[in-house]
Amino acid sequence: MCKLIVCVFSYASGFGFFPPVKLESRFKLDDTSINFVIDHQHIMAMMDSMECCKFTFYGLTDDTCQCYCDWMHYITGWDMDRDEFMKTGERIFNIKRMYQVRMGVSRKDDVLPPRMSHKRGSGSAADNIPDVAGHLDEYYAIRGWDLYGKPTDEKLAELGLEG
């Protein structure tokens, strides 16, 4: 299975799901970039469930989302629009997180790998280390998760995953 979960640069160009957005900085984490990450996680969860190569996401046109919704219809018979596509991806992502929580995953595990956590030798990103730990509370709040990274009962109910 492909490990590509997030590729935020795609939103700067739109790529068929969202209109292009001008990011203030590729190194700044804020509500806009955090929401981009979350949206992309939902899209990638859907692509995993459809067994689609994620690189097809980057090669299609402005009707990319409609193509995937059409594919879902051809495969399952479900009529799905962009909003339902994204909500289904959110359900999948939260189900995966609940499984991870059950297996012991928590805030302590939501860290970047060591090679991303220290300064690199040279280049425009050499001195820019993402402050992931400093933004986890914000990410969890936007997701509807508690401070330990567990989806709240309210979030699960919103997604129809209670019980």
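Below is a summary of the structure that appears in this document.

Cut-offs and rules
- Residues numbered from 1 in each chain as written.
- Predicted model: local features only at pLDDT ≥ 70, side-chain atom pairs only at ≥ 80, totals over all residues.
- Heavy atoms only, no water.
- Helix = DSSP H or I, 4+ residues; strand = E, 2+ residues; numbered from the N terminus.
- Expected span 1.5 Å × (residues − 1).
- Phe/Tyr/Trp six-rings, centres within 6.5 Å; stacked < 30°, edge-to-face > 60°.
- Buried < 20%, exposed > 50% of the residue type's maximum accessible area, 1.4 Å probe, protein only.
- Contact = heavy atoms within 4.5 Å.
- Core = buried A, V, L, I, M, F, W, Y, C linked by side-chain atoms within 4.5 Å.
- Salt bridge = Lys/Arg side-chain N within 4 Å of Asp/Glu carboxyl O.

**Considering helix H2 (residues 31–49)**
- Helix length check: H2 (19 residues) gives 27 Å between terminal C-alpha atoms against 27 Å at 1.5 Å per residue, within 8%.
- Once H2 finishes, Glu 51 follows within two positions and takes phi at roughly 60°, a positive value.

**A closer look at the packing of aromatic side chains**
- Considering all chains together, one arrives at six aromatic pairs under this definition.
- Ring centres 4.9 Å apart and planes at 80° place the aromatic pair Tyr 68 and Trp 71 in the edge-to-face group. Of the two residues, Tyr 68 and Trp 71 both sit in helix H4 (residues 64–76), three residues apart, roughly one turn of that helix.
- A residue is classified by how much of its surface remains accessible, and Trp 71, at 31% relative accessible area, is partly exposed.
- Between the aromatic rings of Tyr 140 and Trp 145, the centroid separation amounts to 5.8 Å while the plane-to-plane angle is 40°, which identifies the pairing as tilted.
- Judged by its relative accessible area of 0%, Tyr 140 is buried.
- Its relative accessible area of 6% is what places Trp 145 among the buried residues.
- Put simply, the rings of Phe 93, Tyr 139, Tyr 140 and Trp 145 pair up and form one aromatic cluster.

**So, the environment of Ile 92**
- Within the secondary structure, Ile 92 sits in helix H5 (residues 82–102).
- In sequence terms Ile 92 and Asp 48 are 44 residues apart; their C-alpha atoms lie 9.7 Å from each other.
- If we skip the residues at most four places from it in the chain, Ile 92 touches Ala 45, Met 46 and Ser 49.

**Overview of the environment of Asp 39**
- By the secondary structure assignment, Asp 39 is in helix H2.
- Judged by its relative accessible area of 23%, Asp 39 is partly exposed.
- As a C-alpha pair, Asp 39 and Lys 87 span 48 residues in sequence and 9.7 Å in three-dimensional space.

**A closer look at the nonpolar core**
- Among the nonpolar cores identified, the biggest contains 13 residues, and Met 46, Met 47, Met 50, Tyr 68, Met 80 and Phe 85 are the most heavily contacted of them.
- By size, the runner-up hydrophobic cluster in this structure holds seven residues, among which are Ile 38, Phe 93, Leu 136 and Tyr 139.

**Some points on the side chain of Lys 155**
- Counting through the fold element by element, Lys 155 comes out in helix H7 (residues 153–158).
- We classify Lys 155 as buried; its relative accessible area is 8%.
- Contacts of Lys 155, omitting those with residues within four sequence positions, involve Glu 90, Asn 94, Arg 143 and Gly 144.

**A few points about the pattern of salt bridges**
- If you walk through the whole model with that rule in mind, you get nine salt bridges.
- Between Lys 155 and Glu 90 there is a salt bridge; the shortest N-O distance is 2.7 Å. Here Glu 90 lies in helix H5 and Lys 155 lies in helix H7, a separation of 65 residues in the sequence. The pair Lys 155 / Glu 90 is uniform in exposure class, with both members buried.
- Asp 110 serves as the salt-bridge partner of Arg 97, at 2.8 Å between the closest nitrogen and oxygen. Taken as a pair, Arg 97 in helix H5 and Asp 110 in the loop between H5 and helix H6 (132–143) lie far apart in primary sequence, 13 residues in all.
- One salt-bridge network, in which partners are shared between bridges, spans Lys 87, Glu 90, Lys 155 and Glu 158.

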